[in-house]
Amino acid sequence: MGKKGIFPGIRPRLNVYMRRPHINRKYKDRLFCALFGQDREALLQLYNALNGTAYTDSSQLTVVTLDNIIYMKMVNDLAFVIAGVLNLYEHQSTYNPNMPLRFLLYIAEEYDRITHRQNTDIYGEKLVMLPTPQCVVFYNGDKRTADEELLRLSDAFQNKDVPADLELTVHLRNINLGHNRNLMRQCPRLWEYASLVGRIKEDLASGFPIKTAVEEAVSYCLEQGILTDFLRENRSGVLGMLRALTEFDEKKHIRLMKQYAREDGLAEGMLTERAATILEFLAAHGNVPADLQARITGQTDISTLRAWTHIAAHCDSLADFMEKTGCNG
């Protein structure tokens, strides 16, 4: 039998990963921002579709998107205020559970700008009024998600036993074709964007080179009357944007995959070592039942195994260990 190495299973995953067409996710982020960030009517249409409103005057919409030239590295995709609501929109092609934290930082910067612009005194006795925040992520990556998911900042809080004094909720909307049909009907611009991206994905999955897939998708959309106004005015720019941002750094991805594999291997080794230590302690009290062995070796939470190790070292019997750890249920 050949040598398995310390990361069994990583090679097949790596091979599958390398065979997949990889696209720099920024091409979709920037295209999304170009479509909605530069067209107030389209942005208002998107807002109405999300909130069930019927505003018609786009001049009521004030764009406040953070600019990294002013705010160092703090940048968001789209931010605007309308009817006392601060809307923060982000486009993501990679599923990111840390979006609530990112939105928290964005909101802090936005409120700082607002209070400075209005010359308000946050240390005074008068209540400073702020626009109500709404945070939305438009997601069209490959990870399967529901039409809508809620991401909460509290999911990242370490101590779940202490009531948190802070919460932030992010609405994740899946905008891949076939999802959120009602939203797409109410915002045709969003459906058109999803159609362009969906066509590129289909062509890549069919084996088209990236350049060919992009050009074919743009031509298809023009023939079908999809994004015609935008693509006719910006076709060369769009093609250049898409092609320039679909480069894939193969060496970098291999290096990252190996790094993740090492981390997975180390974590797995720690779990195995802890489980073996617990079983060694318990063996002093007699033969460990097979179901209890399976319960211990199947535990994947390292903090739980640490606690069980302490209990196993000080328990009076197997029954005592099982009762204190809940393994007798």
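Residues numbered from 1 in each chain as written. Predicted model: local features only at pLDDT ≥ 70, side-chain atom pairs only at ≥ 80, totals over all residues. Heavy atoms only, no water.

**Q** Even after reading the chapter, I still don't get the environment of threonine 228, so can you show me in this structure?
**A** Relative to the assigned elements, threonine 228 resides in helix α8 (residues 228-244). With ten residues separating them along the chain, threonine 228 and valine 218 place their C-alpha atoms 9.4 Å apart. Setting aside residues up to four positions removed in sequence, threonine 228 forms contacts with Cys221 and Leu222. (Helix = DSSP H or I, 4+ residues; strand = E, 2+ residues; numbered from the N terminus. Contact = heavy atoms within 4.5 Å.)

**Q** What's the story with the nonpolar core in this structure? I'm lost.
**A** Soluble globular proteins tend to pack their nonpolar side chains together in the buried interior. Counting 43 residues, the largest nonpolar core has Phe32, Phe36, Leu46, Tyr89 and Leu190 as the members making the most contacts within it. What leucine 190 contacts, discounting residues up to four positions off in sequence, is Phe32, Phe36, Leu46, Ile175, Leu183 and Met184. If you look at the next biggest cluster of nonpolar residues, it comprises 20 residues, including Val64, Ala79, Cys135 and Leu172. (Core = buried A, V, L, I, M, F, W, Y, C linked by side-chain atoms within 4.5 Å. Buried < 20%, exposed > 50% of the residue type's maximum accessible area, 1.4 Å probe, protein only.)

**Q** How do you make sense of the packing of aromatic side chains when you look at a structure like this?
**A** In the structure shown here, the tally under the stated rule is ten aromatic pairs. Residues phenylalanine 32 and phenylalanine 36 carry aromatic rings whose centres are separated by 4.9 Å and whose planes lie at 45 degrees to one another, so their mutual orientation is tilted. Pair noted here: phenylalanine 32 and phenylalanine 36 are both in helix α2 (residues 26-37), with a separation of four residues, about one helical turn. The same class applies to phenylalanine 32 and to phenylalanine 36, which are both buried. Relative to phenylalanine 138, the ring of phenylalanine 32 has its centre 5.3 Å away and its plane inclined at 35 degrees; by these criteria the two rings are tilted. (Phe/Tyr/Trp six-rings, centres within 6.5 Å; stacked < 30°, edge-to-face > 60°.)

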